[in-house]
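Residue strings, one per chain:
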Amino acid sequence: MKSDIMEKFHLTPFSSGFLQAVLVFIYCALVAMVFQNGELWFGKIQEPFVGILLFLLLFCTSALLCVLFVGAYPLRLYLSNPAENLKKALAVLGWSGAWLLLFIFGFFFIIWMA
């Protein structure tokens, strides 16, 4: 069984890793925006316990979503034909990590240049 998405859009590990990294970057940017504007949007949280609980729930949810963004496609690829797709699945994971590192370094470079 070949991957429908891979065949339909002709995604290479390089490009699918890029798309996964972009999804993680966009999600992180949205979470950062919520953190920056949270008090304005939701008001001041009076009880510290509630703030800590909400942060931890968001942290766990973020971990789950990032695993889904980055890991679901390589896992599906690998499970469809383990003997044939192991290298491709690992390449997708590797490129996702490489793109994320490039985004981080690029972001720091932009901040440093400003």
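Residue numbers run consecutively from 1 along every chain, following the written order of its sequence. Since the coordinates come from a predicted model, pLDDT governs what is reported: local features require at least 70, and pairs of side-chain atoms require 80 or more to be given and counted, while whole-chain, interface and lining totals use all residues. Excluded from the side-chain calculations are hydrogens and water; all other atoms, namely the structure's heavy atoms, are used.

Draft legend 1. Region of the structure containing the packing of helix H2 (residues 13–42) against helix H3 (residues 48–80). Fitted lines through C-alpha atoms give the axes, limited to the stretch in contact for helices. The angle between two N-to-C directions lies from 0 to 180 degrees. Helix numbers and strand numbers start at the N terminus; a helix is a DSSP run of H or I with at least 4 residues, a strand a run of E with at least 2. Between H2 and H3, the shortest axis-to-axis distance is 9 Å and the interhelical angle comes to 170 degrees. Between H2 and H3, the angle is such that the two are roughly antiparallel. The hand of the H2/H3 crossing is right-handed. Within the contact between the two elements, H2 uses Ser16, Gln20, Leu23, Val24, Tyr27, Val31 and Phe35 and H3 uses Phe55, Leu58, Thr61, Ser62, Leu65, Cys66, Phe69, Val70, Tyr73 and Pro74. Each residue gets one of three labels, nonpolar for Ala, Val, Leu, Ile, Met, Phe, Trp, Tyr, Cys and Pro, charged for Asp, Glu, Lys and Arg, and polar for the others, Gly among them. Split into classes, the residues belonging to the contact of H2 with H3 amount to 13 nonpolar, four polar and no charged. Orientation categories follow fixed angle ranges, with anything under 35 degrees roughly parallel, anything over 145 roughly antiparallel, 65 to 115 roughly perpendicular, and all other angles oblique. Two helices cross in a left-handed way if the nearer one is turned anticlockwise from the farther one by less than a right angle. They cross in a right-handed way if the turn is clockwise. Pairs of residues are marked as contacts when any of their non-hydrogen atoms sit within 4.5 Å.

Draft legend 2. Region of the structure containing the packing of aromatic side chains. Classification of ring pairs uses Phe, Tyr and Trp, with its six-membered ring standing for Trp, and accepts pairs whose centres are within 6.5 Å; under 30 degrees between planes counts as stacked, over 60 as edge-to-face, and the remaining range as tilted. Summed over the entire model, instances satisfying the criterion amount to eleven aromatic pairs. For the pair Phe25 and Phe103, a centre-to-centre distance of 5.6 Å together with 65 degrees between the ring planes defines the contact as edge-to-face. In this pair, Phe25 sits in helix H2 while Phe103 sits in helix H4 (residues 82–113), placing the two residues 78 residues apart along the sequence. Remark: exposure states derive from per-residue accessible area (1.4 Å probe, protein chains only) relative to the maximum for the residue type, with buried under 20%, exposed over 50%, and partly exposed in between. Using a relative accessible area of 41% as the deciding quantity, one classes Phe25 as partly exposed. A network of ring pairs unites the aromatic residues Phe14, Phe18, Phe25, Trp95, Trp99 and Phe103 as a single cluster.

Draft legend 3. Seen up close, H4. In this model, H4 (32 residues) spans 45 Å end to end at C-alpha, consistent with the 46 Å of a helix rising 1.5 Å per residue. Taken residue by residue, H4 has Asn85, Ala89, Val92, Ser96 and Trp99 as its buried positions. Buried positions along H4 lie against H2 and H3. One less than the number of residues in a helix, times 1.5 Å, gives the span that helix is expected to have.

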